[in-house]
Amino acid sequence: MADALRARILSGTLRPGSRLPTQQELAAEFDTNRTAVRQAIDTLRREGLLTGTGRGAPPSVAEHARGHEAPRKADIELADRLHEAFRAEHVTIDVFSLTTETLNTALAHATIAISSGELSPRSITARVLLPGTEADLALPRPVSDPEGDDKRPLERLHELTHTFADALRRQLETLKVRDLVPEVSVEFRTVPITPTHKVYLLNGTEALFGYYQVMRHKVPYRGEEMEIHDVMGIRAKLFRHASGPDLHGEHGTAFVDETRRWFESLWSSIAQPLTLG
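Residues numbered from 1 in each chain as written. Predicted model: local features only at pLDDT ≥ 70, side-chain atom pairs only at ≥ 80, totals over all residues. Heavy atoms only, no water.

A. Broad picture of the nonpolar core. Core analysis: the largest hydrophobic core is formed by 34 residues, its most contacted members being L82, F86, L172 and F188. Put simply, the parts of the chain that give this core at least two residues each are α4 (74–85), β4 (90–96), α5 (101–116), β5 (123–131), α6 (152–177), β7 (183–191) and β8 (197–202). For this core, the element with the highest residue contribution is α5, accounting for 6 residues. Those residues within four positions of F188 in sequence are excluded, and the remaining contacts are T100, V128, L130, A165, L168, R169, W267, Q272, P273, L274 and L276. (Core = buried A, V, L, I, M, F, W, Y, C linked by side-chain atoms within 4.5 Å. Buried < 20%, exposed > 50% of the residue type's maximum accessible area, 1.4 Å probe, protein only. Helix = DSSP H or I, 4+ residues; strand = E, 2+ residues; numbered from the N terminus. Contact = heavy atoms within 4.5 Å.)

Here it is in structure tokens:
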């Protein structure tokens, strides 16, 4: 429902300033209940496409909504889109990122919804591409050592990579152990590449893309403090592209298709399995 209403707003079928149909009318049109209607409206409100929600009358389309494509922080955008993706019977998640910290955080909302019975996928398949633990990555590295001879930042990154990846695997596999999702598959592979961007492909029909920004900050490691150049993925903003009528029309479908081919080319060629403890 949220996708259908979003398409109407972005295409101009629902014009800025116009009111949505009532909850009763929407429930009848989509053959669902008012709880689902309210959830769809809340999703569009968080995306900034609706205004005037929660005042009794139907909400209005925001004045800036047509052509709206402002990116949002990675943890917020990814959490919302994962929640929608998990409405599918068979869920697929393909990821390319520095670590899985943002994904771990964003999954919490969807897993709670599964536990409560709100969402009930039959299967979840996750494939995650991460930087190789043996690769000489450009980042992170000490501010005082631009040549990268000090390997402590990379050692710290590899420890974080394993910690977050193991937590992600346990978070998803627990859904199967608790008989909440019958089939769960989680696979990790590595590539000798320094990520300058992060990508999330959801159900093969939606792509979220965000740039890593290099930041200078201090981090503790093994009883010492290091000042390093690093990237903070959870602060990145994600641009959303979807197949079919979406924020970018036919260009959205092309972007998703090309991103899927790019991911598959890495996954099936130079990527190597990542073994977790």
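That shown, we press on.
B. Layout of the packing of aromatic side chains. Counting across every chain of the model gives 4 aromatic pairs. For the ring pair F96 and W262, a centre distance of 5.2 Å and an interplane angle of 85° mean the geometry is edge-to-face. Here the residue F96 occupies a position in strand β4, and W262 occupies one in helix α7 (residues 250–267), the gap between them amounting to 166 residues. Using a relative accessible area of 2% as the deciding quantity, one classes F96 as buried. Ring-pair connections join several aromatic residues into one group, and the members of that group are F209, Y211 and F255. Lying across the ring of W267, R127 places its NZ or CZ 5.2 Å from the centre. (Phe/Tyr/Trp six-rings, centres within 6.5 Å; stacked < 30°, edge-to-face > 60°. Lys NZ or Arg CZ within 6 Å of the ring centre and 35° of its normal.)

C. Representation of the packing of α4 against α5 in the model. Running from amino to carboxyl end, α4 crosses α5 at an angle of 35°, the nearest separation of the two axes being 8 Å. The handedness of the crossing between α4 and α5 comes out as right-handed. For the pair α4 and α5, contact is made by A74, D75, L78, A79, L82 and H83 and by T102, L103, A106, L107, H109, A110 and A113, respectively. Taken together, the residues of the contact of α4 with α5 sort by class into 9 nonpolar, 3 polar and 1 charged. (Axes fitted to C-alpha atoms, helices over the stretch in contact; angles between N-to-C directions. Left-handed = near helix turned anticlockwise from the far one by under 90°. Nonpolar A, V, L, I, M, F, W, Y, C, P; charged D, E, K, R; others polar.)

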